[in-house]
Amino acid sequence: MAEGSGSRRRSLYKLVGSPPWKEAFRQGCLERMRTSRDRLLNKYRQAGGNMSGGPQNTFLVQEVMEEEWNALQSVESWPEALAQLEEPLDLAMLEEIQQELIDQEQSIISEYERSLQFDEECLSVMLAEWEANSLICPVCTKYNLRIASGVVMCQCGLYIPSHSPEMTEQKFRACLEDSVNEHGAHCPHTPAFSVTEGTGEKSSLLMSCLACDTWAVIL
């Protein structure tokens with residue numbers, strides 16, 4: 001198994017030995033990594049969002065390089081000079097491309113982690129606002145909600161006749177917080193709220209999340 005891997009690696013070194021082919025291989029690898037963002041992040045999440053650092057702990061670099069190598073092998077006309085250069089030079093070129101991919105992979109993961117942190121901060125702010133004396137509208141997140149005779153209203157235009165005439169601010173606040181916390185238990189992204197028309201005459205308050213592709217009727 002190790003011998004087969006070494007043979008494949010030596011062939012890969014020779015493949016990218018010629019400078020024009022090196023650039024074609026380099027650009028192909030970088031583009032393939034860019035378009036494999038979702039695959040990379042899935043591997044990262046499956047690993048528990050943990051990266052111990054170092055080239056040996058990359059998630060997708062080796063796969064991307066091998067996939068691009070196989071794609072280039074399908075090109076019909078190969079320059080004869082392609083396999084003429086010394087292996088040490090080929091290895092240096094390959095390691096340079098590998099390092100670029102490692103940097104790009106880490107950049108994608110860092111951007112994803114910053115996005116998660118931002119969503120967590122937004123969620124904390126939203127929950128803090130809901131816990132304040134005034135109940136903030138979850139749809140516009142700007143004006144205070146008013147609930148009268150079971151009707152949920154906001155200055156932004158939100159108007160939802162509740163299915164329960166006994167609905168109060170306390171009950172509605174608890175309903176919102178329970179829904180957000182339940183979603184947060186399996187997804188770190190901030191959900192969005194909107195008003196939709198139900199099958200009857202009454203509107204409904206919907207919580208949805210594009211990141212985890214879920215939705216729930218709140219009211």
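Residues numbered from 1 in each chain as written. Predicted model: local features only at pLDDT ≥ 70, side-chain atom pairs only at ≥ 80, totals over all residues. Heavy atoms only, no water.

## With respect to the sheet that holds strand β1 (residues 145-148)
What holds strands together in a sheet is hydrogen bonding between their backbones, with the strands either parallel or antiparallel. For the record, the criterion: Strand pairing is defined by DSSP finding a minimum of two bridges between the two strands. The numbering of helices and of strands both runs from the N terminus, where a helix is a DSSP run of H or I of at least 4 residues and a strand a run of E of at least 2. Note on geometry: axes are lines fitted to C-alpha atoms, helical ones only across the stretch in contact, with angles between N-to-C directions running from 0 to 180 degrees.
Reading across the sheet, the three strands line up as β1-β2-β3 and stay open at both edges, with antiparallel pairing between neighbours. Single-partner strands in this sheet number two, and they are β1 and β3 (159-161). For this sheet, the mean angle separating the axes of adjacent strands, direction not counted, is 15°. Across three bridges, strand β2 (residues 151-154) lies against β3 in antiparallel orientation. Residue pairing in the sheet places valine 152 in a bridge with isoleucine 160 of β3.

## As for the nonpolar core
Quick reminder of the rule: What makes a nonpolar core is a set of buried Ala, Val, Leu, Ile, Met, Phe, Trp, Tyr and Cys residues whose side-chain atoms join them at distances within 4.5 Å. When a residue's accessible area, from a 1.4 Å probe over protein chains only, is under 20% of the maximum for its type it is buried; when over 50% it is exposed; and in between it is partly exposed. By the convention used here, residues are in contact when the closest approach between their heavy atoms is within 4.5 Å.
Formed by 23 residues in total, the largest nonpolar core has its most connected members in Phe25, Cys29, Met33, Leu40, Met65 and Leu101. Elements with a contribution of two residues or more to this core: α2 (19-35), α3 (37-46), α4 (61-73) and α5 (87-131). Here the element with the most residues in this core is α5; it accounts for eight residues. Beyond its immediate chain neighbours, meaning those up to four positions away, leucine 101 contacts Cys29, Leu30, Met33, Val61, Val64 and Met65. Of all hydrophobic cores here, the second largest spans 18 residues; its members include Leu145, Ile147, Met167 and Leu176.

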